[in-house]
Every structure is written in C-alpha cells, then in structure tokens.
Amino acid sequence: MKYKHYDITIPEDNPFANCKLNRKQYANVLTQIVSNYSDGFVMSVNGAWGTGKSTFMKMW
C-alpha cells in the first residue's frame, strides 16, 4: 500500500482558511513578537516530524 501526502490549499487572501488546527492565533502572536524587533533576530520553530511546521510557515 502506498501513502501519498497532499499539501492543503493555502489561499493568498486568507492563508488560514483551510487550517483545521486553529494555527492563526499562533501566527498573530508571532507577528506581534516579530514586529517589535526592528533590528532582526533569529527564531526557530521546533517540533516533531510531521507536526505541521512547514505548513504553518507557508500559511504565515
């Protein structure tokens, strides 16, 4: 049996429209944090394999 992963559709006008994990609230918090650092900084998104880090970053 083969399993195929399909990325969810991420609309440009509303990137979190198809998110069923309510990740928009985390994006809002991260946006506020990033907005406060005009000089820049390094941030990492850490989590186990398959938990949606890449999808979250694409949405954000």
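Keep in mind that what you see is a predicted model, and the values were worked out from it rather than measured.

Caption draft 1: Highlighting the overall build of the chain. Helices and strands together make up the secondary structure of the chain, namely two helices and zero strands. In summary, the chain has a C-alpha radius of gyration of 14 Å against a globular reference of 10 Å for 60 residues, an excess of more than 25%. Scored against the burial criterion, the 60 residues of the chain give a buried share of 10%. Contacts in the chain between residues far apart in sequence, at least 24 positions, make up 59% of those at least 6 positions apart. Roughly 5,500 Å² of accessible area belongs to the chain as shown, and the carbon and sulfur atoms make up 53% of that amount. Distance between charge centroids for the chain: 15 Å, based on 7 positive and 4 negative side chains.

Caption draft 2: View of the pattern of salt bridges. Under the counting rule described, the total for this entry stands at one salt bridge. The partner of Lys58 in a salt bridge is Asp7, with the nearest N and O atoms 3.7 Å apart. Of the two residues, Lys58 sits in helix H2 (residues 53-59) while Asp7 sits in the segment before helix H1 (24-35), which places them 51 residues apart along the sequence. Residues Lys58 and Asp7 agree in their burial class; the two are exposed.

Caption draft 3: Representation of the environment of Met1 within the structure. Looking at the element boundaries, Met1 is found in the segment before H1. For Met1, a relative accessible area of 88% gives the class exposed. Taking the C-alpha atoms as reference, Met1 lies 28 Å from Asn18; in sequence the two are 17 residues apart.

Caption draft 4: A look at the side chain of Arg23. Looking at the element boundaries, Arg23 is found in the segment before H1. Buried Arg23, no salt bridge; nearest opposite-charge side chain is Asp7, N-O distance 9.8 Å. Those residues in contact with Arg23 that lie beyond four places of it in its chain are Phe16, Gly52, Thr55, Phe56 and Met59.

Caption draft 5: Spatial organisation of the packing of aromatic side chains. On inspection of all chains with the given rule, the structure shows three aromatic pairs. A ring pair is formed by Phe16 and Phe56, whose centres lie 6.4 Å apart and whose planes are at 55 degrees; its orientation type is tilted. In this pair, Phe16 is assigned in the segment before H1 and Phe56 in helix H2, connecting sequence segments 40 residues apart. Here the two residues Phe16 and Phe56 agree in accessibility, since each one is buried. Between the aromatic rings of Phe56 and Trp60, the centroid separation amounts to 6.2 Å while the plane-to-plane angle is 20 degrees, which identifies the pairing as stacked.

Scoring rules and cut-offs
Residues numbered from 1 in each chain as written. Predicted model: local features only at pLDDT ≥ 70, side-chain atom pairs only at ≥ 80, totals over all residues. Heavy atoms only, no water. Helix = DSSP H or I, 4+ residues; strand = E, 2+ residues; numbered from the N terminus. Rg over C-alpha atoms; globule rule 2.2 N^0.38 Å. Buried < 20%, exposed > 50% of the residue type's maximum accessible area, 1.4 Å probe, protein only. Contact = heavy atoms within 4.5 Å. Areas by Shrake-Rupley, 256 points an atom, 1.4 Å probe, with all protein chains shown as cover. Lys, Arg positive; Asp, Glu negative; His and termini not counted. Charge placed at Lys NZ, Arg CZ, Asp CG, Glu CD. Salt bridge = Lys/Arg side-chain N within 4 Å of Asp/Glu carboxyl O. Phe/Tyr/Trp six-rings, centres within 6.5 Å; stacked < 30°, edge-to-face > 60°.

Nothing here speaks to function; it is geometry throughout.
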